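Examination of the molecular architecture
Letter by letter, the chains look like this.
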Amino acid sequence: MVVYLVGAGPGDPDLVTLKAIKALEMADVVVYDRLANEEILKYANGSEMIYVGKRAGAHSKKQEEINEILIEQGKKHDTVVRLKGGDPFVFGRGGEEMMALLGEGIPVELVPGVTSAIGVPTTVGLPVTHRGVATSLTVVTGHEDPTKKEKQVQWNYNTDTIVILMGVGHLEENMREIKKHKDPQTPVCVIENGTMPDERIITGTLENIAQKDINPPALVIIGPVVDVFKSIKKLEDKL
Ligand SMILES: C[S@@+](CC[C@H](N)C(=O)[O-])C[C@H]1O[C@@H](n2cnc3c(N)ncnc32)[C@H](O)[C@@H]1O
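A short tour of the structure in this document, coming up. Remember, predicted model here, so these are calculated numbers, not experimental data. (Residues numbered from 1 in each chain as written. Predicted model: local features only at pLDDT ≥ 70, side-chain atom pairs only at ≥ 80, totals over all residues. Heavy atoms only, no water.)

Okay, the layout of surface pockets next. Size it by volume and the second largest pocket reaches roughly 290 Å³. Around the second largest pocket, the lining comprises 15 residues; the ones closest to its centre are Gly142, Glu144, Lys151, Glu173 and Asn174. For the lining of the second largest pocket, the element with the most residues is helix H5 (residues 171-179), which contributes three residues. Across the lining of the second largest pocket, the residue classes tally to three nonpolar, six polar and six charged. (1 Å grid on protein atoms, 1.4 Å probe; cavity = no way out; pocket = protein on both sides within 12 Å on 5 of 7 lines; lining within 4 Å. Points joined across faces, edges and corners; volume = space filled by probe spheres on them. Helix = DSSP H or I, 4+ residues; strand = E, 2+ residues; numbered from the N terminus. Nonpolar A, V, L, I, M, F, W, Y, C, P; charged D, E, K, R; others polar.)

What follows is about the packing of aromatic side chains. Inspection of the entire model under this criterion finds two aromatic pairs. Relative to tyrosine 51, the ring of tyrosine 32 lies with its centre 5.3 Å away and its plane at 65 degrees, an arrangement referred to as edge-to-face. With tyrosine 32 in strand E2 (residues 29-32) and tyrosine 51 in strand E3 (residues 48-51), this residue pair connects regions lying 19 residues apart in the sequence. No difference in accessibility class separates tyrosine 32 from tyrosine 51, as the two residues are buried. Each ring, one from tryptophan 155 and one from tyrosine 157, has its centre 6.3 Å from the other, and the planes form 80 degrees; the classification is edge-to-face. Judged by its relative accessible area of 4%, tryptophan 155 is buried. (Phe/Tyr/Trp six-rings, centres within 6.5 Å; stacked < 30°, edge-to-face > 60°. Buried < 20%, exposed > 50% of the residue type's maximum accessible area, 1.4 Å probe, protein only.)

Right, let's get into the site of the ligand. Neighbouring the ligand are 16 residues, the closest being Val90, Thr115, Ser116, Gly194 and Ala218. For the ligand, a nitrogen atom lies 2.7 Å from a polar atom in the backbone of valine 90. Threonine 115 places a polar side-chain atom, nitrogen or oxygen, 2.7 Å from an oxygen atom of the ligand. Coverage of the ligand by the protein amounts to 83% of the 570 Å² it exposes when considered alone. Looking at the shell around the ligand, you find at least three residues from each of domain 1 (2-111) and domain 2 (116-238). (Near = heavy atom within 4 Å. Polar contact = N/O pair within 3.5 Å; in protein donor to acceptor, adjacent residues only side chain to side chain. Areas by Shrake-Rupley, 256 points an atom, 1.4 Å probe, with all protein chains shown as cover. Domains from an automatic or database assignment.)

Attention now moves to the nonpolar core. Residues Tyr4, Val6, Leu24, Val30, Tyr32, Val81 and Leu83 are the most contacted members of the largest nonpolar core, which totals 20 residues. If you list the elements that add at least two residues to this core, you get strand E1 (2-7), helix H1 (18-26), E2 and strand E4 (79-84). No other element matches the four residues that H1 contributes to this core. If we ignore the near neighbours within four places in the chain, the residues touching leucine 83 are Val6, Ala8, Leu24, Val30, Val31, Tyr32, Asp33, Leu35, Ile40 and Leu41. (Core = buried A, V, L, I, M, F, W, Y, C linked by side-chain atoms within 4.5 Å. Contact = heavy atoms within 4.5 Å.)

Our focus in this paragraph is the side chain of arginine 82. Of note, arginine 82 is situated in strand E4. Within the local environment of arginine 82, its side chain forms a polar contact with the backbone oxygen of valine 31, the two atoms lying 3.4 Å apart.

Among the secondary structure elements, glutamine 63 is positioned in helix H2 (residues 63-76). Glutamine 63 gets classed as buried once you look at its relative accessible area, which sits at 11%. Dropping the residues within four chain positions of it, glutamine 63 is found in contact with Arg93, Glu96 and Glu97.

Taken together, five strands build an open sheet; the order of strands is E6-E7-E10-E8-E9 and the sheet is mixed. The sheet terminates laterally at strand E6 (137-141) and strand E9 (200-205), the two strands that pair on one side only. Neighbour-to-neighbour, the strand axes of this sheet turn through a mean angle of 20 degrees, independent of strand direction. The sheet contacts of helix H4 (residues 116-124) involve E6, strand E7 (161-165), strand E8 (187-192), E9 and strand E10 (218-222), and relative to E10 the element is tilted by about 80 degrees. Docked against the sheet, helix H6 (residues 225-238) engages E7, E8, E9 and E10, running at close to 70 degrees with respect to E8. (Pairing = 2+ DSSP bridges. Axes fitted to C-alpha atoms, helices over the stretch in contact; angles between N-to-C directions.)

An ideal rise of 1.5 Å per residue puts 20 Å on 14 residues; H6 measures up with 20 Å between its terminal C-alpha atoms. On its buried face, H6 is in contact with H4, E7, E8, E9 and E10. (Expected span 1.5 Å × (residues − 1).)

Counted by the stated rule, this structure contains 15 salt bridges. With its nearest N and O atoms 2.7 Å apart, the salt bridge here joins glutamate 192 to arginine 200. When its relative accessible area of 3% is taken as the criterion, glutamate 192 is described as buried. A residue is classified by how much of its surface remains accessible, and arginine 200, at 33% relative accessible area, is partly exposed. When the shortest N-O distance is used, the salt bridge between glutamate 236 and lysine 233 registers 2.7 Å. With glutamate 236 and lysine 233 both in helix H6, this residue pair falls three residues apart, about one helical turn. The exposure class assigned to glutamate 236 is partly exposed, which follows from its relative accessible area of 42%. Three or more residues joined by partner-sharing salt bridges are found here, namely Asp33, Arg82, Lys84 and Glu97. (Salt bridge = Lys/Arg side-chain N within 4 Å of Asp/Glu carboxyl O.)

This is the structure we're talking about:
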């Protein structure tokens, strides 16, 4: 018995690792979330499929229920794949699942994925660090668990680039908070459905980005690297 915690990447099926494909090919059962692209499930030909993500109008399973399913499946089968979008350890709750499994004596193998936080900006030509412009990067959630006793996200990050995941719902209030610590004219780039055919890129500033039409899933990238992205685009357009 072994459970593979596997990252599925940000959506483009060509951004899945060979190790993820090999794990899917071996899987007796695949436990998966809502993925940007379900095409990669084809590698798990013949495996039992258990969906634990959120569908429109339906509630997603609680993390404790997912842990229970993984433990049950892990005890029953030789090879279980737990498939998650992006990387399992970047806002994927992979650490919690791993600890729950290990606590029950079930071994875990880890297969990293291309995280949307970095892979999506790279695919559009937005370097999250850039010599002379940005030497630090903060990846942060835009939707902190409201049941937490104390807020951990304070928005006063002393960093050159901020990448916000799950940042659409609270975009306006988060931009307001960041403006307390950064110039309101700081450039912002939002990438919706990165690496997918319906990808959209919207640019603006801390001041005006929340007024634009933005839909999830999206990344919000803040900092002078957005100007580097614009320079790269201009050079590309000249080709
Ligand atoms: C629960 S987090 C999971 C992140 C994932 N583990 C990763 O490493 O990319 C979901 C958030 O990731 C971001 N995201 C995931 N896929 C994306 C994509 N293809 N384009 C833009 N943002 C994406 C969005 O901010 C979305 O709200």
